[in-house]
Amino acid sequence: MRRPNLLLTGTPGVGKTTLGKELASRAGLSYVNVGDLAKEGELYEGFDEEYDCPILDEDRVVDELEARMSEGGVIVDYHGCDFFPERWFHAVFVLRADSSCLYDRLHSRGYRGKKLHDNLQCEIFQTLYEEAVLSYKKEIVHQLPSNTPEDLERNLDQIMQWIEQWMKDNN
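Residues numbered from 1 in each chain as written. Predicted model: local features only at pLDDT ≥ 70, side-chain atom pairs only at ≥ 80, totals over all residues. Heavy atoms only, no water.

In contact at an axis separation of 11 Å, helix α2 (residues 34-41) and helix α3 (residues 58-71) are set at 100 degrees when each is read in the N-to-C sense. Between α2 and α3, the angle falls in the class roughly perpendicular. Contacts between α2 and α3 involve V34, L37 and G41 on the former and, on the latter, R60, V61, E64 and L65. Classifying every residue of the contact of α2 with α3 by side-chain character gives four nonpolar, one polar and two charged. (Axes fitted to C-alpha atoms, helices over the stretch in contact; angles between N-to-C directions. Helix = DSSP H or I, 4+ residues; strand = E, 2+ residues; numbered from the N terminus. Parallel < 35°, antiparallel > 145°, perpendicular 65-115°, else oblique. Contact = heavy atoms within 4.5 Å. Nonpolar A, V, L, I, M, F, W, Y, C, P; charged D, E, K, R; others polar.)

Structural data, given as structure tokens:
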């Protein structure tokens, strides 16, 4: 039975991981947090002193995921999306959060200064949504609000309905 691959993307702090883990549990799909995958496999090509974080080796990440993605049934969670092969995903969900909500979430994670400011700007200017639309067919890219627990439940319901329809249409 064929199962869809989904990408959850958006600015850090919008709720990708919370949504992705719960969605995987409800839908019986596997979940991959690219940040965790990179950490486990040391898939880095350096360290960014300005943002105080490792620099992802995107080619190694793609190589690491290729076999899993070809099997289907994978939810990928990452804040960037332009380096993943277009053929991998059947749907791309870009989570969005209001700047005040996002500020609180990022601040509680220890984001400060330029890192905090740049992530907020990224959300305000829809940078990751635009990246998704430029990287994938526009009809598979969906924006979802992610500010409240009610938004989370609505998003879970909406994506579960999408998965169920995809399964009916493709099996």
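And the narrative resumes.
What follows concerns helix α4 (residues 99-108). Residues of α4 that are buried: C101, L102 and L106. Looking straight down α4, one finds its buried side chains confined to an arc of 125 degrees; they lie on one side. Of the exposed residues in α4, those oriented more than 90 degrees away from the buried face are S100, D104 and S108. Buried residues belonging to α4 abut α5 (113-124). (Buried < 20%, exposed > 50% of the residue type's maximum accessible area, 1.4 Å probe, protein only. Arc of directions from axis to C-beta.)

Below, the discussion takes up the nonpolar core. Among the nonpolar cores identified, the biggest contains 26 residues, and V61, F84, F89, V92 and Y136 are the most heavily contacted of them. Where this core is concerned, the elements lending two or more residues are α2, α3, β5 (74-77), β6 (91-96) and α6 (127-135). A total of four residues in this core trace back to one element, the largest contributor, which is α3. Each residue touching F84, except ones within four places of it in the same chain, is listed here: L7, V34, V61, L65, V76, Y78, F89 and Y136. Listed in part, the 25 residues of the second largest apolar core include L29, Y31, F93 and L102. (Core = buried A, V, L, I, M, F, W, Y, C linked by side-chain atoms within 4.5 Å.)

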